[in-house]
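# Summary of structural features
Read off the chains here:
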Amino acid sequence: MAARSFLFVLGSSRAGGNTETLARIAAEQLPPDTGQHWLALRDHPLPDFEDLRHPERRHVQPSGNSETLLRATLDATDVVIASPLYWYSVSSATKRYLDHWSGWLETPGTGFRRRMAGKKLWGVTALADEDPAVAEPLAGTLRISAEYLGMRWGGVLLGNGSKPGDVLTDTAAVARAKSFFS
């Protein structure tokens, strides 16, 4: 069996926030031979997605940050979307990244759909609400995206916190993080 390689896509506008902290706790539990690649979308901003499918316009080969994110996404066996819960869904930077998947599906030579099939998609999020049900739109976005591409769904790790570091006081979330990827 090939070694697993995790891509952690950080969708927060803040470095070291609760979502990233929770993702890093979960990642610490991975076997030492498991590859990890961490990319913060705030450091690799994407332009707004422009749908070029119709009429007869084709998506051009990605370059810059788009190419970096595409290659990292295709190279991973597991993609972890670590996005704080913003207005009951993923952050705008995360949504833009997922929107670019639509373009990559149409980009000649990438084989994006074929190469994404069988990978595993995971979610990690921190929310400032005591009711975990408010994260259902975020979880649904990721789960249905995985289904659409034939990916396996790993689930969403939820933690509670608002100020940086708050998630560390959510002992149940920290405990769940320690077995999330197993």
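Our structure's up above, just so we're on the same page.
So, a few notes on the structure that sits alongside this text. This structure is a prediction, so every number in the text was calculated from the model and none was measured.

Attention now moves to the pairing of strand β2 (residues 35-40). When strand β1 (residues 5-10) meets β2, the two strands line up parallel, connected through 6 bridges. Pairing of S5 across the sheet is with G35, part of β2. Assessed by its sense of winding, the connection that carries the chain from β1 through helix α1 (residues 18-27) to β2 is right-handed.

Time to look at a negative patch on the surface. Taken together, the side chains of D129, E130, D131 and E136 define an acidic patch exposed on the protein surface. Tracing the backbone through its elements, the reader meets E136 in helix α5 (residues 136-148). Among the residues examined, E136 registers a relative accessible area of 54% and is labelled exposed.

What follows deals with empty space enclosed by the protein. All chains considered together, the criterion is met by 1 cavity of 30 Å³ or more. Of the pockets and cavities examined, the largest cavity occupies roughly 40 Å³.

So, about the sheet that holds strand β4 (residues 120-127). Judged by pairing direction, the sheet is parallel, and its 5 strands sit side by side in the order β2-β1-β3-β4-β5 without closing on themselves. Of all strands in the sheet, those with a lone pairing partner are β2 and β5 (152-160), marking the two edges. Adjacent strand axes in the sheet meet at a mean angle of 15 degrees when their direction is disregarded. Running over the sheet, α1 touches β1, β2, β3 (78-82), β4 and β5 and is turned about 135 degrees from β4. Its contacts with the sheet put helix α3 (residues 92-106) on β1, β3 and β4, and the angle it makes with β3 is roughly 145 degrees.

Quick look at α3 now. When the terminal C-alpha atoms of α3 are compared, their 22 Å separation across 15 residues agrees well with the 21 Å that a helix rising 1.5 Å per residue should span. Those residues of α3 that fall on the buried side of the exposure criterion are T94, Y97, L98, H100, W101, G103 and W104. On the buried face of α3, the contacting elements are β1, α2 (64-75), β3, α4 (112-116), β4 and α5.

Within the secondary structure, T169 sits in the loop between β5 and α6 (171-177). On the accessibility criterion, T169 (66% relative accessible area) is exposed. In this structure the C-alpha to C-alpha distance between T169 and R152, which are 17 residues apart in sequence, comes to 31 Å. Polar contacts involving the side chain of T169 include one to the main-chain carbonyl oxygen of D166, which spans 2.7 Å.

Another point: unusual backbone geometry. Even without glycine at this site, W87 takes up a positive phi of about 50 degrees. Along the chain, W87 falls in the loop between β3 and α3. Take W87: its relative accessible area is 79%, and that puts it in the exposed class. The phi angle at Y88 is positive, at roughly 70 degrees, despite the residue not being glycine. For Y88, the position within the fold is in the loop between β3 and α3. Overall, Y88 belongs to the partly exposed group, its relative accessible area being 44%.

A separate point is the pattern of salt bridges. This structure, assessed with the given rule, holds 6 salt bridges. For the salt bridge of R96 with D48, the shortest nitrogen-to-oxygen distance reads 3.0 Å. You can see R96 sitting in helix α3 and its partner D48 sitting in the loop between β2 and α2, a full 48 residues away along the chain. We classify D48 as exposed; its relative accessible area is 61%. Where E147 meets R143, a salt bridge forms, and the shortest distance between an N and an O atom there is 3.1 Å. Note that E147 and R143 are positioned in helix α5 at a spacing of 4 residues, about one turn of the helix. Three or more residues are tied together by salt bridges with common partners; here these are E20, R24 and R42.

Here is what the cut-offs are and how they apply
- Residues numbered from 1 in each chain as written.
- Predicted model: local features only at pLDDT ≥ 70, side-chain atom pairs only at ≥ 80, totals over all residues.
- Heavy atoms only, no water.
- Pairing = 2+ DSSP bridges.
- Helix = DSSP H or I, 4+ residues; strand = E, 2+ residues; numbered from the N terminus.
- Right-handed = clockwise from strand over helix to strand, strands pointing away.
- Patch = residues over 30% accessible without salt bridge, like charges linked within 9 Å, V, L, I, M, F, W, Y side chains within 5 Å.
- Areas by Shrake-Rupley, 256 points an atom, 1.4 Å probe, with all protein chains shown as cover.
- Salt bridge = Lys/Arg side-chain N within 4 Å of Asp/Glu carboxyl O.
- Lys, Arg positive; Asp, Glu negative; His and termini not counted.
- Charge placed at Lys NZ, Arg CZ, Asp CG, Glu CD.
- Buried < 20%, exposed > 50% of the residue type's maximum accessible area, 1.4 Å probe, protein only.
- 1 Å grid on protein atoms, 1.4 Å probe; cavity = no way out; pocket = protein on both sides within 12 Å on 5 of 7 lines; lining within 4 Å.
- Points joined across faces, edges and corners; volume = space filled by probe spheres on them.
- Axes fitted to C-alpha atoms, helices over the stretch in contact; angles between N-to-C directions.
- Contact = heavy atoms within 4.5 Å.
- Expected span 1.5 Å × (residues − 1).
- Polar contact = N/O pair within 3.5 Å; in protein donor to acceptor, adjacent residues only side chain to side chain.

Distances and angles like these do not, on their own, reveal function.
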